[in-house]
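Chains, contacts and geometry: an overview
Here's the letter readout for the chains.
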Amino acid sequence: MTEKKSKLVQYDPGEFRRKFRVLTWLILFAFVFLVAKMWYLQIIKGDELSQRSQNNRIRLQEIKPLRGLILDTRGGILVDNQPSFDVSIIPEAAKNVEGVIKRLACEYGENEIKLYNNFSSSKHRKPFVPIKLEKNIGRDKLAVVETNALDLPGVVVDIVPVRKYIYGEMMAHILGYVGEISTVDLGRDLYGEYKPGDIVGKSGIEKWVNIYLKGESGGEQIEVNVNGRKLNVLGSVESVPGYNVMLTIDAELQRICWDAFQKKAGTVIMMDPRDGSILALINKPSFDPNLFNRGISDEDWNRLLNNPLSPMQNKAVSGQYPPGSTYKLIVAAAALEEGLITPHTEYFCDGTYKIGNRTFRCWKKYGHGNVSLHRAIVESCDVYFYNLGAQIGVDKLAQYARKFGLGSKSGVELSGEKGGLIPTKEWKLKKLKEPWQMGETTSLSIGQGFILLTPLQLIRAYSALANGGVLYKPRLIKRIMTERGQIIKEFPPEKESLIPVSKKNIEILNLALWGAVNEDHGTGQAVRRRGKDVCGKTGTAQVIAMPQDKEDDDINDIPYKYRDHALFVCFAPYKDPEVAIVVIVEHGGHGGSAAAPIARKIIDGYFEIKEKRNSLQSREVQR
């Protein structure tokens, strides 16, 4: 007891007081600091923090516009819109982003999610702006996200309109496809004001009239909770849908051309020669534009890219082919107009034509005998046109070819159009540093050699013969309208020029084209119909030089890529043409056996549809 008491006596009260004062000052300092901090936050930074809080609670959300519809000439829908669902995450609301993503993958029943965006590339984004995780999820994943919303903080679902190409591959090269704007395109005037992630037309009509189709974005001011979930809409500005575009394409005729071509490679164009309207245009093989809606997979892209038959190429406007015997009509027109021959001028064909020590052969081994212009076109006598080419000369022939619209772009509403090639002496000297040879004119006179034309150029030239001499600009777009049908812009037919051929000579040429289909020994007999109403010309274009005495039966012995292209151009009816068709079968062999039968199916289908529609129209009138 005495010992405990002595310890209490030994304790110094002054030391306790010193410690107490230190503690008091510390508490006082902390209190002053807290008061100062509250004053700073409430008085100095009050407005700013209040605004931040408001921004965290209230957000602006873009409302994507619906792209305009694309219609065929009869008002049928070719391209529509459908909803697509994207999953995004707001990192500020999610807190633990990686944990939320793993939880989402677990709910999906997957080991991991193949992210659409790399988070490392999103460091400079604005706060509370969603980062896209997945695009175009299915209904099953959508149900998972919505059901587990409380366990997935920061995860949101956006409804985005995407294109629906109703006819798939059949219309791909006309309509084109859409995709996210590239960094290169963001700086171009072509697309106007866009931001990363916006959807634009990449090819075809989608690209050509993108400015009309795109519409205008709207927006919503929404109130969200701590997890970023939408609580209330405070205000909104409706998006404005894009304008609708009506084409000259007839979906029924497009189907006929598609089915008639079957599984061959090449192209078909159907045109109204009276105004240049393109009624149908197909390319085979083709691609499904729906694959590009939300980003094409590497597998699908490589499959299209590595296909040797070039499914992505619009061969109708960018394919460049030697025209073969279809070019003989241009040669004949030049010879008639220059007064070098009359319809009765004859040349003797024994199957050969010699220039110096070189021999050029006719397709008919033993020749045609004495041949006039009419029979030379009907039976496609090469020797006759060798003689004409020698008289006309390469440069004069080039002048006439260009007046038919050959060798230059037509200005059709499709990107990627090529101009072809009409050779001249000057061209060869400049390009190859070599003088022009007479034998090259001989080859040129039957559509071989350096000459290259696009299918669109060829049908345009024949349409000018069909309509009496008017060269129209090809027309693919008819009009642009609002969703209520109000016309914004019309695209009327455009007469570009007149071909330099008299009415009399056009009649002579057209009669010969009629004979090529309807007379005995005509090369286009495969298209002969009961009404004898079709005019046409076959063509066979060499891919590589082959021995000229090679028999037809040997075609199967030639590797596919070296086989000749088969061409056929025609128009109907003979007296009042209303439709023109070009068929090119790549590596198909002879025009008469490979291309003409396809044209026959298309012509038959055209008149069947016409008769059906006329019948329905007469019934409606009677009612």
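What you see is a predicted model, and the numbers here were worked out from it, not measured in a lab. (Residues numbered from 1 in each chain as written. Predicted model: local features only at pLDDT ≥ 70, side-chain atom pairs only at ≥ 80, totals over all residues. Heavy atoms only, no water.)

Remarks on the overall build of the chain
Operational definition: Only DSSP runs of H or I with at least four residues qualify as helices, and only runs of E with at least two residues qualify as strands; both kinds are numbered from the N terminus onward. Burial classification: accessible surface area is computed with a 1.4 Å probe over protein chains only, and a residue below 20% of its type maximum counts as buried, one above 50% as exposed, and the rest as partly exposed. Two residues form a contact once any of their heavy atoms are found within 4.5 Å. Under the convention used here, a 1.4 Å probe and the Shrake-Rupley method define accessible areas, while residue burial counts only the protein chains that appear.
Of the regular secondary structure elements, the chain holds 21 helices and 23 strands. Counting all 623 residues of the chain, 48% fall into the buried class. If you take every contact in the chain between residues at least 6 apart in sequence, the share linking residues at least 24 apart comes to 70%. Summing over all exposed atoms, the chain offers an accessible surface of approximately 32400 Å²; the carbon and sulfur share of this is 52%.

What to know about the environment of R613
This is how it is decided: In the analysis that follows, any N or O atom pair within 3.5 Å is treated as a polar contact, provided that within protein one partner can donate a hydrogen and the other can accept it, and provided that, for residues neighboring in sequence, both atoms belong to side chains.
Secondary-structure assignment places R613 in helix α21 (residues 591-622). Judged by relative accessible area, which is 18%, R613 ranks as buried. Contact partners of R613, with chain neighbours within four places excluded, come to R74, D250 and E252. Polar side-chain contacts of R613 include one of 2.7 Å to the side chain of E252.

Digging into the sheet that holds strand β23 (residues 579-585)
Quick note on the threshold: DSSP-based pairing: two strands are paired if at least 2 bridges between them are found. Inter-axis angles, ranging from 0 to 180 degrees, are taken between N-to-C directions of lines fitted to C-alpha atoms, where helices are fitted over the stretch in contact.
What the five strands build is an open sheet, ordered β12-β11-β23-β22-β21; its pairing is antiparallel. At either margin of the open sheet sits one strand with a lone partner, and together these are β12 (277-284) and β21 (535-541). Strand-to-strand twist across the sheet, computed as the mean angle between neighbouring axes with direction ignored, equals 10°. Sheet analysis places β21 next to strand β22 (residues 565-572), joined by seven bridges and oriented antiparallel. Paired with C535 across the bridge in β22 is F571.

Here's the deal with helix α10 (residues 251-261)
The buried fraction of α10 is high, at eight of 11 residues. When α10 is considered as a whole, its buried residues turn out to be A251, L253, Q254, I256, C257, W258, A260 and F261. Where α10 is buried, its residues touch β3 (77-89), α7 (172-175), β11 (266-272), β12, β23 and α21.

A look at empty space enclosed by the protein
Basically, it comes down to this: The rule is simple: put a 1 Å grid over the protein atoms alone, call a set of points where a 1.4 Å probe fits but cannot get out a cavity, call an open set with protein on both sides within 12 Å along at least five of seven lines a pocket, and count a residue as lining if it has an atom within 4 Å of a point. Grid points are joined across faces, edges and corners, and a volume is the space filled by probe spheres set on the points. All residues other than Ala, Val, Leu, Ile, Met, Phe, Trp, Tyr, Cys, Pro, Asp, Glu, Lys and Arg, Gly among them, are scored as polar; the first ten of these are nonpolar and the last four charged.
Counted according to the given criterion, the structure contains one cavity of 30 Å³ or more. Of the voids in this model, the largest cavity is the one considered here, and its volume is about 30 Å³. Taken together, Y321, P322, P323, L453, T454, P455, L458, L567 and I584 form the lining of the largest cavity. Split by residue class, the lining of the largest cavity holds eight nonpolar, one polar and no charged.

Some remarks on the environment of E578
You can see E578 is positioned in the loop between β22 and β23. As a C-alpha pair, E578 and N467 span 111 residues in sequence and 8.5 Å in three-dimensional space.

Brief notes about the packing of α10 against α21
We apply this condition: Every angle not falling under 35 degrees, over 145, or within 65 to 115 is termed oblique; those three ranges are roughly parallel, roughly antiparallel and roughly perpendicular. Left-handed describes a crossing whose near helix is turned anticlockwise from the far helix by less than a right angle; the clockwise case is right-handed.
Contact geometry for α10 and α21: axes closest at 9 Å, N-to-C directions at 150°. Classified by the interaxial angle, the pair formed by α10 and α21 is roughly antiparallel. Seen from above, α10 lies across α21 with right-handed handedness. Contacts between α10 and α21 involve E252, L253, I256, C257, A260 and F261 from the former and I598, K601, I602, G605, Y606, I609, K612 and R613 from the latter.

A word on the pattern of salt bridges
Quick note on the threshold: A pairing counts as a salt bridge when a side-chain nitrogen of Lys or Arg comes within 4 Å of a carboxyl oxygen of Asp or Glu.
All told, the structure shown has 24 salt bridges when counted by the stated rule. Residue R163 pairs with E206 through a salt bridge whose shortest N-O separation is 2.9 Å. Residue R163 is located in strand β5 (residues 155-165), and its partner E206 is located in helix α8 (residues 204-208); the two are separated by 43 residues in the primary sequence. Here R163 falls in the buried class, since its relative accessible area comes to 2%. Salt bridges sharing partners connect three or more residues here, namely D250, E252, K612 and R613.

Examining the packing of aromatic side chains
Put simply, the rule is: Classification of ring pairs rests on two measures: the distance between centres of Phe, Tyr or Trp rings, Trp counted by its six-membered ring, which must be within 6.5 Å, and the angle between planes, read as stacked under 30 degrees, edge-to-face over 60 and tilted in between. A ring is scored as having a charge over it whenever the NZ atom of a lysine or the CZ atom of an arginine sits within 6 Å of its centre and within 35 degrees of its normal.
Under the defined criterion, the tally for this structure stands at 13 aromatic pairs. On the basis of an interplanar angle of 45° and a centroid distance of 6.4 Å, the ring pair of Y212 and Y243 is categorised as tilted. With Y212 in helix α9 (residues 210-213) and Y243 in the loop between β9 (230-237) and β10 (244-247), this residue pair connects regions lying 31 residues apart in the sequence. Residues W436 and F450 carry aromatic rings whose centres are separated by 5.9 Å and whose planes lie at 50° to one another, so their mutual orientation is tilted. Taken as a pair, W436 in the loop between α17 (425-432) and α18 (438-444) and F450 in the loop between α18 and α19 (455-466) lie far apart in primary sequence, 14 residues in all. Its relative accessible area of 27% is what places F450 among the partly exposed residues. Taken together, the aromatic side chains of Y177, F287, F292 and W301 make up a single cluster linked through ring pairs. The positively charged end of K284 is found above the aromatic ring belonging to W258, 4.3 Å away from the centroid.

Notes on the pairing of β23
Of all seven residues making up β23, seven are buried, and the element is well covered by its neighbours. Direction of pairing for β11 relative to β23: antiparallel, over a ladder of six bridges. Opposite T267, over in β23, you have I584 as the bridge partner. When β22 meets β23, the two strands line up antiparallel, connected through seven bridges. Within the sheet, the bridge partner assigned to A572 lies in β23 and is V579. From the end of β22 to the start of β23, which pair antiparallel, there are six residues.

Notes on the side chain of N293
For N293, the position within the fold is in the loop between β12 and α11 (298-305). Here the side chain of N293 touches R163 through a polar contact of 2.4 Å, landing on its backbone oxygen. Excluding residues within four positions of it along the chain, N293 makes contact with V162, R163, Y165 and V178.

Digging into unusual backbone geometry
Cis geometry marks the peptide bond from K284 to P285; its omega dihedral reads -5°. In this structure, P285 sits in the loop between β12 and α11. Even without a glycine there, the phi angle at Q262 is positive, about 55°. Mapping Q262 onto the fold places it in the loop between α10 and β11.

Some points on a nonpolar patch on the surface
The condition is simple: Residues enter patches when they are more than 30% accessible in relative terms and free of salt bridges; like-charged ones are connected within 9 Å and nonpolar ones (Val, Leu, Ile, Met, Phe, Trp, Tyr) within 5 Å.
A contiguous nonpolar surface patch, about 540 Å² in accessible area, is contributed by W25, L28, F31, V32 and V35. Structurally, the position occupied by F31 is in helix α2 (residues 13-44). In this structure F31 comes out as exposed when scored by relative accessible area, which is 54%.

Some details on the state of the cysteines
For the record, the criterion: Whenever a pair of cysteine sulfur atoms sits within 2.5 Å, that pair is classed as a disulfide.
Tallied over the entire structure, the rule returns zero disulfides. No disulfide involves C570; its sulfur sits 8.9 Å from the nearest other cysteine sulfur, which is in C535.

Quick look at the nonpolar core
The criterion, for reference: We define a nonpolar core as any set of buried Ala, Val, Leu, Ile, Met, Phe, Trp, Tyr and Cys residues linked to one another through side-chain atoms lying within 4.5 Å.
If you look at the biggest cluster of nonpolar residues, it comprises 129 residues, and the most contacted ones within it are L247, M270, Y327, Y384, F385, V583 and I602. If you tally residues by element for this core, the top one is α21, at 10 residues. In this view, F385 contacts K328, V331, A332, L373, A376, I377, S445 and I446; residues no more than four positions away in its chain are not counted.

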